[in-house]
Amino acid sequence: MDALSEGGIHVADLSRSFGAVQAVRGASFAAAPGRVTGLVGPNGAGKTTLLLMLASLLAPDRGSIRIGGVDPVTDPSGARRVLGWMPDALGAWPALTVHESVVTTARLHDFDRGRAATRAEELLELVGLRDLAAIPAKVLSRGQKQKLGLARALVHDPQVLLLDEPASGLDPEARVQLRVLLRRLAEQGRTVLISSHVLSELEEVVDDTVFLVAGTVVDAPAVQARAWRIRILSAGPVDEDGTASPPPAGLDPRRSVAAALGVAPESLGIDRGDVLAVFTDERDAAAGLARLIGQGVAVSAFAPAQSELEQAFLSLGDAPHDGGSIR
Amino acid sequence: MSASRVWTIARLELTQRLRSPGWYILLGVFALVLLIVTVLALMAFSFTPTAGSGAYSVIVMLVLLLVMLISPTLSGSSINGDREAATLASLQITLASTGDIMVGKLLAAIITGSAFLLVAVPFLVVSMLVGSVRPDVLLVSLLVLAAEIVIVAAIGVGWSGLVARPLFSVANSYLVVAALCLGTLLIFGLAGSVFRTDVEVRNRPWDAQGAPICDSWETHTVQQPRFDYVWGFLAANPFVVLADATPTTLSSFGYPNDMFGSVKLSVRTAQLPPQVQDYDACLQGEYTQQPSPKEILASTTPSWFVGLAIQIMIAGGLFAGAWARTRTPARRLPPGTRIA
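Residues numbered from 1 in each chain as written. Chains lettered and ligands numbered in written order. Predicted model: local features only at pLDDT ≥ 70, side-chain atom pairs only at ≥ 80, totals over all residues.

Student: Give a detailed account of the overall build of chain B, specifying residues and quantitative values.
Tutor: A count of helical and extended segments in chain B gives 13 helices and three strands. Here the C-alpha coordinates of chain B stretch approximately 90 × 45 × 30 Å along the principal axes. In chain B, which comprises 340 residues, the share counted as buried stands at 41%. Within chain B, contacts between residues at least 6 apart in sequence are counted, and of these 82% link residues at least 24 apart. (Helix = DSSP H or I, 4+ residues; strand = E, 2+ residues; numbered from the N terminus. Buried ≥ 20, exposed ≤ 12 C-beta atoms within 10 Å, placed from the backbone. Contact = placed C-beta atoms within 7 Å.)

So, in C-alpha cells, the structure goes:
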C-alpha cells in the first residue's frame, strides 16, 4: 500500500492558475488521520483555491490529490462521500429554516426523510443551534451561519474535514466549543484540515501546520529570537486581592528586570506596563526567568509576547505584517 | 442521476419561491389580466354566433405571451444566482451530480411556469364552453403551452449556467424569446424577399375595344419572393406552433373558423412555391387553378413539428452548454464567477 492509497489528505505537486494568475504552484503536503492540520498563509496565498481543489469543486492544472485514498478529480462523488467541506462564507438558502437547510443537505447525501430529520437534530444539538432550528437561515448572525456551515459539513459523517476560516465571527465561547469539537473529531481518527487567520486560536488546536506562501508550501521558518512579555508586581504594596496593579508612574519596571538579567534597561521594551525582553530560544528564556526569580523580582506573568505560529507567520517571506484577517 | 436528489433540488427552488410574497402577487396580477381580457374578448366577439372561438384564440395567445414574458425572469438566474449567493457549491459538494442539479433546476422552472398555466385553465375552459370550441382544441392548446413552458425554462436555465451575471442571463433569455416571437417574423419577411425568382405571369391580350382576346395569352415575368425557402423561420415562432398544431375547422365557405386556422393557412401557404399565375379575364373571376384552403392544408408539411424541433434544438443547445459549464471539478470557469 503506497502513501497515496491511505487515509488522510495527500497532495503532490498541485498547480492551478486562473488566466495569468498562478494561484497554487507545485504545492505538496500531507495531512494525517487523527490529527488537526492548520493551513496558514497570507491573504492571496492560495489557501481557498487549494481547499476548493481538495473539495472536488475545482480541477487542478497539474498534480495529484488523494482524499481518504480517493482522487477527487477522477471520482468526485467518491471523494464527496468521504469529505466534509465548510467554505469561509456559507451560502445559506434564504427562505429555508436552519433545520430544513441541514435536512436538505442530508437528503442530497441520500439520507431518507426520517434519517435526514434525525441527523439534522443531532447536528444542531452538536453545534449549539437547536434553539434556532425553526428560524430562517438568512437571519442568522455570521457566527451562527458558521455553526450551520459546520453542521452541514458534518452531515454525512465525513472522514476528512476541510474547514476554511471556521472560527471567523464566532464568539469566544463558540470558539472554545469549536476547538473542543475539532479535537474530538480528530481523536475519532478523522483528518481535519483547517485554514485560519486567527493564529493564536489555530495554535491551540492544530497538531501540524502547513505554511502556504504564494501558492507554494514552504518549510516552517526556524524559531528565531523572540520577545517575551514579563509582568512585574509593582514595588509598592500589593493590593489586598493580589492583583498586579500597574507600577506607579515614574517607577520604570525595566530597571529591576535589567538589573536581574544583567543588561542595560534601554535594551528592554515596554508595552502596557509589561516589560518585553528578547531571548534567543526557550532555554535562554527559562534561564532568564530563573535569574529573575533568583533576584527576588516579583514576576506575575512570563509568556511569549507573540504566539509561535504568529511569529512563524510573520517571518514568512513577504507576509503582510498585520497577521489578522481583514475582510 | 437520482430521482430523490433531483426532486430535493427542485423542491429547494420551489420552497424558496413559495415563501416569497412577490410570487403570489405575480400570480394574482396574471389572473387579473386574464380575467379582464377574457371578459373584454367575449364582449368584443359577441357580434358573431361563434364569439367564443374568437375569444378563445385571443385568450390562448395571451396566456402564451404572458408565459413567454414571465418565465425568463423566473428561470434565467437559477444557476448564476446560486453562484452569486454561494449556494451552488453547497449543492455540488453533496452527492448531487451535475445532472441532478441541472434537471432539478429545470424541473423547478417547468413547475413554476406550469403554475401560470394552471391559473389560466379556468379561463380557457370558460371561453371554450362559451364559444363551443371542441375539447380537442383545448387539449392541443394546453399541450403546446406546456411544451413552450418547457422550452423557455430550458433556455432560461441554459443561459443562467453560461453567463456569470444573472442580469445578463435574464436579458439573454429575453433576447432568445424575442428572437422566436418577433425575430422569426422579421427574418421570414426579409429573407423571403432576398431570394427572388422569376415567375411567369399570363394575361389575355386586350383588343382595341377593351375586350379580352380569349384565344391567345400574353406572358411576362415578374420577380417573386421565395417564402417557400424560408418558411422554417416562421415555423419556429411559438404562436405559429400553437396555431399550426391546433385542429382547424373550416366554415361552409371553405375558410378557417378561428384565428388559429387563419394563421395556420397563411403559414402553410408560405410553403408553396410561386406558381405560374394566370389572370384570365375570359373566366370572369373564377380562379380554379388556385388551391383551396383545404387543399393547401392537406398538401403542406405540418409546421408545428418543424417549429418545435427548431426550438428544442436552441433550448437543448443552451441547456447542454450550461451543463458542461456547471460540471465539477471545474476546469474552466465563466469569467468573473466564484465557486464559493
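Student: Could you give an account of the overall build of chain A, naming the residues involved and the relevant values?
Tutor: Regarding its fold elements, chain A presents ten helices and 13 strands. When burial is assessed residue by residue, chain A has 42% of its 327 residues classed as buried. Considering only contacts within chain A whose residues lie at least 6 apart along the sequence, 68% involve residues at least 24 apart.

Student: Describe in detail the sheet that holds strand E2 (residues 218-225) of chain B, supporting the description with residues and values.
Tutor: Residues and elements named next belong to chain B. If you trace the three strands from one edge of the open sheet to the other, you get E2-E1-E3, paired in mixed fashion. The sheet is open, and its two borders are formed by E2 and strand E3 (277-279), each paired with just one other strand. The average angle at which neighbouring strand axes cross in this sheet is 30°, direction not considered. Inspection of the sheet shows strand E1 (residues 196-203) paired to E3 by three bridges, in the parallel sense. Note on E3: the bridge partner recorded for Arg202 is Asp278. (Pairing = 2+ DSSP bridges. Axes fitted to C-alpha atoms, helices over the stretch in contact; angles between N-to-C directions.)

Student: Explain the sheet that holds strand E2 (residues 21-31) of chain A to me, and be specific about the residues and the numbers.
Tutor: Residue and element names in this part refer to chain A. An order of E2-E1-E4 is seen for the three strands of this open sheet, with the pairing classed as antiparallel. Since the sheet does not close on itself, it has two edges, and those belong to E2 and strand E4 (62-67), each with one partner. Here the average twist between neighbouring strands, direction ignored, is 25°. In this structure, strand E1 (residues 9-18) lies alongside E4, joined through five bridges in antiparallel fashion. When the bridges of E4 are listed, Ala12 appears paired with Ser64.

Student: Describe the domain arrangement of chain B, and please don't skip the residues or the numbers.
Tutor: Residues and elements named next belong to chain B. When its domains are assigned, chain B resolves into domain 1 (3-167 + 315-326) and domain 2 (188-299). Placing the centre of domain 1 and that of domain 2 at their C-alpha centroids yields a distance of 37 Å. Taken residue by residue, the interface counts 14 residues in domain 1 and eleven residues in domain 2. It is helix H3 (residues 51-75) that contributes the most residues to the side of domain 1 that touches domain 2, seven residues altogether. (Domains from an automatic or database assignment.)

Student: Tell me about the pairing of strand E5 (residues 83-86) of chain A, and name the residues and values.
Tutor: Residues and elements named next belong to chain A. Residues Leu83 and Trp85 line one face of E5 and the alternating positions Gly84 and Met86 line the opposite face, and both faces are buried. The pairing of E5 with strand E6 (residues 160-164) spans four bridges and is parallel. Looking at E6, one finds that Gly84 is bridged to Leu161.

Student: Can you lay out unusual backbone geometry for me, pointing to particular residues and giving the numbers?
Tutor: With an omega dihedral of -5°, the bond running from Thr328(B) to Pro329(B) counts as a cis peptide bond. Within the fold, Pro329(B) resides in the segment after helix H13 (303-326). In this model, Asp110(A) sits at a positive phi of 70°, which is unusual for a non-glycine residue. Inspection of the secondary structure assignment puts Asp110(A) in the loop between helix H3 (98-108) and helix H4 (113-127). Phi is positive for Asp157(A), close to 55°, though the residue is something other than glycine. Mapped onto the elements, Asp157(A) comes out in the loop between helix H5 (142-153) and E6.

Student: Could you give an account of the interface of chain B and chain A, with specific residues and numbers?
Tutor: Opposite the 25 residues of chain B that make contact, chain A presents 26 residues. Counting residues per element, the ones that place at least two in the side of chain B that touches chain A are helix H1 (3-18) and helix H5 (88-92) of chain B. Among the elements that take part in the side of chain B that touches chain A, H1(B) stands out by supplying five residues, more than any other. Among the residues making up the side of chain B that touches chain A, the classes are represented as twelve nonpolar, ten polar and three charged. (Nonpolar A, V, L, I, M, F, W, Y, C, P; charged D, E, K, R; others polar.)

Student: So what's going on with the environment of Ala120(B)? Which residues, and what values?
Tutor: Its location among the elements puts Ala120(B) in helix H6 (residues 98-130). Measuring from C-alpha to C-alpha, the distance between Ala120(B) and Ile59(B) comes to 8.9 Å, with 61 residues separating the pair along the chain.

Student: Got a sec to walk through the domain arrangement of chain A? Specific residues and values, please.
Tutor: Residues and elements named next belong to chain A. The domain boundaries assigned to chain A delineate domain 1 (3-218) and domain 2 (226-310). One C-alpha centre belongs to domain 1, the other to domain 2; they are set 41 Å apart. Here the element with the most residues in the side of domain 1 that touches domain 2 is helix H7 (residues 199-203); it accounts for four residues. Classifying every residue of the side of domain 1 that touches domain 2 by side-chain character gives three nonpolar, two polar and one charged.

Student: An account of the packing of H3(A) against H5(A) is needed here, citing residue identities and associated values.
Tutor: Residue and element names in this part refer to chain A. Running from amino to carboxyl end, H3 crosses H5 at an angle of 25°, the nearest separation of the two axes being 9 Å. If you check the angle between H3 and H5, you find them roughly parallel. Along this stretch, H3 crosses H5, giving a crossing that reads as right-handed. Across from Val98, Ser101, Val102 and Thr105 in H3, the residues of H5 making contact are Leu148, Ala151 and Arg152. Class assignment of the residues belonging to the contact of H3 with H5 gives a composition of four nonpolar, two polar and one charged. (Parallel < 35°, antiparallel > 145°, perpendicular 65-115°, else oblique. Left-handed = near helix turned anticlockwise from the far one by under 90°.)

Student: I'd like a rundown of the confidence of the model for chain B, residues and numbers included.
Tutor: Here chain B averages 88 in pLDDT, and 95% of its residues register 70 or above. Here the predicted complex scores 0.84 on pTM and 0.82 on ipTM. (pLDDT = per-residue confidence, 0-100.)

Student: Residues and numbers for the pairing of E2(A), please.
Tutor: All names here are of chain A. Relative to E2, E1 runs antiparallel, the two being bridged by seven bridges. Looking across to E2, one finds that Val11 is bridged to Phe29. Between E1 and E2, which pair antiparallel in sequence order, lie two residues; one of them, Gly19, sits at a positive phi of approximately 60°.

Student: Residues and numbers for helix H6 (residues 172-187) of chain A, please.
Tutor: Residue and element names in this part refer to chain A. Taking 1.5 Å as the rise per residue, H6 with 16 residues should run 22 Å; its terminal C-alpha atoms sit 23 Å apart, in good agreement. The complete set of buried residues in H6 reads Leu178, Leu182 and Ala186. For H6, the angular spread of buried residues about the axis comes to 65°, placing them on one side. What points out from H6, more than 90 degrees from its buried face, is the exposed set Glu173, Val180, Arg184 and Glu187. Just downstream of H6, Gly189 is the residue with a positive phi angle, here 95°. (Expected span 1.5 Å × (residues − 1). Arc of directions from axis to C-beta.)

Student: Quick rundown of the environment of Gly114(A)? Include the residues and the values.
Tutor: Position of Gly114(A) among the secondary structure elements: in helix H4. In this structure, the C-alpha to C-alpha distance between Gly114(A) and Gly143(A), residues 29 residues apart in sequence, is 28 Å.

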